[in-house]
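Structural description and commentary
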Amino acid sequence: MQPVIRKDRFEFTIRLGKPPEEAKLGTSAGKRQGFRCLLSDAPMGYDYLRAEGKAGRMGQRLMAIVAEGARGRVYLPPVESHEQIARSARPNWRPDCELPKKHRNFQPPVYGMNNVGDIFTDRQLVALDTLCDLIGEARERIRQDAAALSFDGKDVSLHAGGIGSRAYAEAVSLYLAFAVDRTADFSNAVTRWVPGNQKVMNLFAKQAIGMVWDFPEANLLLDTVGGFVTVCEYQSECLTLVPAEGVGASVQADAQSQRLSDQKIVSTDPPYYDNIGYADLSDFFYVWLRRSLRTVYPELLATIAVPKAEELVATPTRHGSSDAAEQFFLEGMTRAMKGLAEMANPSAPVTIYYAFKQSETGEAGTNSAGWETFLAAVLRAGFCISGTWPLRSEQAIRQVGMGANALASSIVLVCRPRGTKAGTVSRRQFVRMLNESLPLALDAMTRESEGEHSPVAPVDLSQAIIGPGMAIFSRYEAVLEADGTPMSVKTALQLINRFLAEDDFDADTQFCLHWFDQHGWETGKFGEADTLARAKGTSVDGVKQSGVVEAGGGNVRLLRWRDYPTDWDARSDSRLPVWEALHQLIRAYQTEGDTGASKVLAAVASKADHQPAIDLRVRETRSGRLD
């Protein structure tokens, strides 16, 4: 597809064959640099694009038409009459539901598309609204047909537990409404075109509403991807595989006050702090369900948007600040976990899945706010953590994981209710128990004493060892510091991590040492690096900030000594791990000899924390591999 400039306007045409080299970038001005104007070639940064979008000056142009040919897809140049037809659509109804304006998972509001209705074209709105109207007509037709077939004649709704002709018609219309929802997922203005399969890709390939600059508009009347008939067929095929036996039930309940788990075996996957705005994302589907089913489920669909006040996630915009959001999450999750602990079936532990990347860097270093807050909630609720199992649960082929810094593992917390007479211990006693128990736990995990290959990878071992350590920490009501105050979860994690640390190295250096044991200088996946970094009390972004790794595109690798900058100065380095200092020393020695190395060593020596750590023993035990 090639733009053709004609004085003060432009149009698009289709070209066959191998695209020229300049077509690879299109109109992009470079990564994170925005685009270039087709007419003037002037750069258009994202700040300018956002301002124009918010001012209502961002429009749409038809770029091409994809048709079905005798042997596959046929690409045709845009026709003005087709574009005029699309612009002539006038929807009678559009969703009126605000999108979050300050959330990383909602990008359209940044460009002035503030409402759910704004992420649909007028033609898409007309089509979807028409389908919603037809569902009502179909429901009445089905009810009449069912009544003619001698269904139970009682006029009881599906919502009230009916099983007659009315309830049957409402049940079918429920599935049709689901089909409209799925069609909307393919028929909006932020979908993507997949060149390989030559098809429309739905919006929700991940839990976010992103921004796209060229989108396909699916013909939902055709039997093709994104078409309503195709969606209905796909849905019906799934239903035929569901066993039509027994009775199932789905109940909506507040996790902080529910009684459903009483004496049940519980395995749960709770919200991940502030990672995903579940309720806000649900509005996209809710508005269409409400349009089709409000008369069927009047109480469930009474509100204009999905209720959000009690949603147990840490959303700063909803609670006024990050601190208030964290406090809301901690208190609410504590109540929810306390209920699980009190009602837990004693025959089995409660298992809790947790997978996210969330870190913040401050004067005390980099820590995972969500991970620590969640652990604190679990312990405050009365649980004792007996294990932390890394579980490879995230698919690398999912859209969020392809070429991105995505997670590889979930963490499964294995929990049992803490004893009623737990008591307290001092910090010194806690450290002594760690020193006694963790070597045995480590040997059991690695099977080193049995001479076998470790079944636990080094990147997962650092996370797995937290389990036995937290088992000691959480069996007591509190571990008391020297001043009598309870030890924080963050401090406990730091003490546990020290067991696998070498010479009390800083967290970034501990990450590098264990990453090197697993991968050497080769590239590894971001998910593995994130698992290891969290266990070491740092983050991949923090280690990258230290200047010792390269991270991007879903991959991570350690920098070799020759990759380090030559203009580095230890005295102005605000984040200086031992690993970086050692490799700068190696670089200086290799390129400048003793003179260069002595300068680096003198500069590093001015950092008191590093002077005892960079010694001959480190050089002797690791120099063969480091050099």
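Here the structure is shown first, and the text comes after it.
The paragraphs below set out a description of the structure included in this document. (Residues numbered from 1 in each chain as written. Predicted model: local features only at pLDDT ≥ 70, side-chain atom pairs only at ≥ 80, totals over all residues. Heavy atoms only, no water.)

A look at the pairing of strand 1 (residues 2–6)
The side chains of a regular strand alternate, first on one face of the sheet and then on the other. Applicable threshold: The pairing criterion is simple: DSSP has to find at least two bridges between the two strands. Per the convention used, a helix needs a DSSP run of H or I reaching at least four residues, while a strand needs a run of E reaching at least two, with both numbered from the N terminus.
Of the strand pairs in this sheet, strand 1 and strand 2 (residues 9–13) are connected by five bridges, and their pairing is antiparallel. Among the inter-strand pairings, I5 is bridged to a residue of strand 2, identified as F10. The hairpin turn running from strand 1 into strand 2, its antiparallel successor, is two residues long, and K7 in that turn takes a positive phi close to 55°.

Brief notes about helix 14 (residues 507–519)
Put simply, the test is: Under the convention used throughout, the expected extent of a helix is 1.5 Å for every residue step, that is, one less than its residue count. Each residue gets one of three labels from its accessible area relative to the maximum for its type: buried under 20%, exposed over 50%, partly exposed in between, using a 1.4 Å probe on protein chains only. Under this definition, polar contacts are N or O atom pairs within 3.5 Å; protein pairs additionally need one hydrogen-donor-capable and one acceptor-capable atom, and for neighbouring residues in sequence, both atoms have to be side-chain atoms.
Compared with an ideal rise of 1.5 Å per residue, which puts 13 residues at 18 Å, helix 14 spans 18 Å between its outermost C-alpha atoms and is within 8% of the ideal. Most of helix 14 is tucked away: ten of the 13 residues are buried. Those residues of helix 14 that fall on the buried side of the exposure criterion are D508, T509, Q510, F511, C512, L513, H514, W515, F516 and H519. Its side-chain oxygen 3.3 Å from the backbone nitrogen of D508, D506 forms the N-cap of helix 14. G520 sits one or two residues past helix 14 and shows a positive phi near 60°.

Re unusual backbone geometry
The backbone phi angle of Q198 is positive, close to 50°, even though this residue is not glycine. With respect to the helices, strands and loops of the structure, Q198 is situated in the loop between strand 7 (192–194) and strand 8 (199–201). A positive phi angle is found at Q263, which is not glycine, with a value near 60°. Its place among the elements puts Q263 in the loop between helix 5 (228–240) and strand 9 (267–268).

Looking at the side chain of E580
Definition in use: His is not counted, nor are the chain ends, whereas Lys and Arg count as positive and Asp and Glu as negative. Note on definitions: salt bridges are taken to be side-chain nitrogens of Lys or Arg within 4 Å of carboxyl oxygens of Asp or Glu. Every residue pair with non-hydrogen atoms within 4.5 Å of one another is taken to be in contact.
Tracing the backbone through its elements, the reader meets E580 in helix 17 (residues 578–605). Buried and without a salt bridge, E580 has R575 as its closest oppositely charged side chain, separated by 8.0 Å. Here E580 is in contact with S546, V548, Y564, W568, D573 and R575, once residues within four sequence places are set aside.

Focus on the sheet that holds strand 18 (residues 549–552)
By way of backbone hydrogen bonds, the strands of a sheet pair with one another, either parallel or antiparallel. The three strands lie next to each other as 17-19-18, forming an open sheet whose pairing is antiparallel. Two strands close off the open sheet at either side, each with one partner strand: strand 17 (524–525) and strand 18. In the sheet, strand 18 pairs with strand 19 (residues 555–558) via four bridges, with the strands oriented antiparallel. The residue of strand 19 that forms the bridge with A551 is V556.

Side note on the packing of aromatic side chains
Threshold: Each pair of aromatic rings taken from Phe, Tyr and Trp, with Trp reduced to its six-membered ring, is defined by centres within 6.5 Å and is described as stacked if the planes are under 30 degrees apart, edge-to-face if over 60, and tilted in the remaining cases.
Across all of its chains, the model carries 16 aromatic pairs by this definition. Judged by centre distance (5.4 Å) and plane angle (70°), the ring pair of W93 and W288 falls under edge-to-face. Of the two residues, W93 is situated in the loop between helix 2 (80–87) and helix 3 (122–148) and W288 in helix 6 (residues 278–293); the sequence distance between them amounts to 195 residues. Its relative accessible area of 0% is what places W288 among the buried residues.

A word on the pattern of salt bridges
Under the criterion given, the structure shown has 27 salt bridges. Among the salt bridges present, the one from R6 reaches E11, with a minimum N-O distance of 3.2 Å. Using a relative accessible area of 40% as the deciding quantity, one classes R6 as partly exposed. Overall, the relative accessible area of 28% leaves E11 in the partly exposed class. Here R61 and E83 are joined by a salt bridge, their closest N and O atoms 3.9 Å apart. Of the two residues, R61 is situated in the loop between helix 1 (46–54) and strand 5 (65–69) and E83 in helix 2; the sequence distance between them amounts to 22 residues. Taking relative accessible area as the criterion, E83 reaches 15% and is therefore assigned buried. Salt bridges sharing common partners tie together R6, R9 and E11.

Let's talk about the nonpolar core
Defined as follows: To define a nonpolar core, start from buried Ala, Val, Leu, Ile, Met, Phe, Trp, Tyr and Cys residues and group those joined through side-chain atoms within 4.5 Å.
If you look at the biggest cluster of nonpolar residues, it comprises 54 residues, and the most contacted ones within it are M337, F374, V378, L413, F430 and F473. The leading source of residues in this core is helix 8 (residues 322–343), at eight residues. In this structure M337 touches I352, F374, A377, V378, A381 and F383, once residues within four positions along its chain are discounted. In this structure, L99, F204, V212 and L293 belong to the second largest nonpolar core, which totals 43 residues.

Here's the deal with the packing of helix 3 against helix 4 (residues 165–186)
Using the following cut-off: Axis angles are defined between N-to-C directions and span 0 to 180 degrees, where every axis is a line fitted to C-alpha atoms and, for a helix, only to the segment in contact. By the definition adopted for this analysis, an angle is roughly parallel if under 35 degrees, roughly antiparallel if over 145, roughly perpendicular if from 65 to 115, and oblique otherwise. Crossing handedness: left-handed means the near helix sits turned counterclockwise from the far one by under a right angle, and right-handed means the same turn made clockwise. Ten residue types, Ala, Val, Leu, Ile, Met, Phe, Trp, Tyr, Cys and Pro, are classed as nonpolar, four, Asp, Glu, Lys and Arg, as charged, and the remainder, Gly among them, as polar.
Between helix 3 and helix 4, the least distance of the axes is 8 Å, while the angle of their chain directions is 160°. When the interaxial angle is binned, helix 3 and helix 4 end up roughly antiparallel. Regarding helix 3 and helix 4, the two cross each other, and that crossing is right-handed. Here L128, L131, C132, I135, A138, R139, I142, R143, A146 and A147 of helix 3 lie close against helix 4, whose contacting residues are S165, R166, Y168, A169, E170, V172, S173, L176, A177, V180, T183 and A184. A breakdown of the residues in the contact of helix 3 with helix 4 according to their chemical character gives 15 nonpolar, three polar and four charged.

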